[in-house]
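# Architecture at a glance
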Amino acid sequence: MDQDIAAQLQELHARVCKAIADPKRLLIINELRDRELSVGELCEATGISQSNASQHLTILRERGIVTTRRVKNNVFYSLRSQKIVQAVDLLREFLAEDLADHAALDGAIRG
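Residues numbered from 1 in each chain as written. Predicted model: local features only at pLDDT ≥ 70, side-chain atom pairs only at ≥ 80, totals over all residues. Heavy atoms only, no water.

An unreviewed UniProt entry annotates the protein as ArsR family transcriptional regulator of Rhodococcus opacus RKJ300 = JCM 13270.

Dropping the structure here:
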């Protein structure tokens, strides 16, 4: 792979990882995993204020994670690719296994 392309890919990778590194953005991604939602629907589902949700959605849109569709006065958001859900789920599985390993180790030390 060309070094310039490799460097660009590395930068994009880091930008996407930073975008999904926020708990509220993870909530938004989770709500969008199976359906398209408006900002209002996302706010209701996540408990995030509309202004805060809009800020997070802007970041997710700039990173290419979500796409928008406008219908009259409503903007609907959806995931650009289910691969982001797969990546988030894989990370969550890794973390759950890590947490279980630590709990087992703590139990062995105490036991």
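## Overview of the side chain of Arg25
Here is the rule we go by: Runs of E in the DSSP output that reach at least two residues are strands. Runs of H or I that reach at least four are helices, and both are numbered from the N terminus. We call two residues in contact when some of their heavy atoms are within 4.5 Å.
Among the secondary structure elements, Arg25 is positioned in helix 2 (residues 23-32). Among all residues touching Arg25, those that are not within four sequence positions of it are Lys18, Ala19, His56, Ile59 and Leu60.

## Quick word on the UniProt feature "domain: HTH arsR-type" (unreviewed entry) in the protein
Here is the rule we go by: UniProt positions are given in the numbering used here, feature names are shortened, and annotations may be inferred rather than shown by experiment.
Residues annotated by UniProt as "domain: HTH arsR-type" (unreviewed entry) correspond here to residues 5-99. In residues 5-99, helix accounts for 66% and strand for 15%; the two terminal C-alpha atoms are 36 Å from one another.

## Some remarks on the confidence of the model for the protein
Counted only if it meets this: Residue-level confidence of the predictor is summarised by pLDDT, bounded by 0 at the bottom and 100 at the top.
Of the residues in the protein, 95% have a pLDDT of 70 or more, and the chain-wide mean is 92. Element-level pLDDT for the protein is lowest in helix 5 (residues 83-110), with a mean of 85, against a maximum mean of 97 in helix 2.

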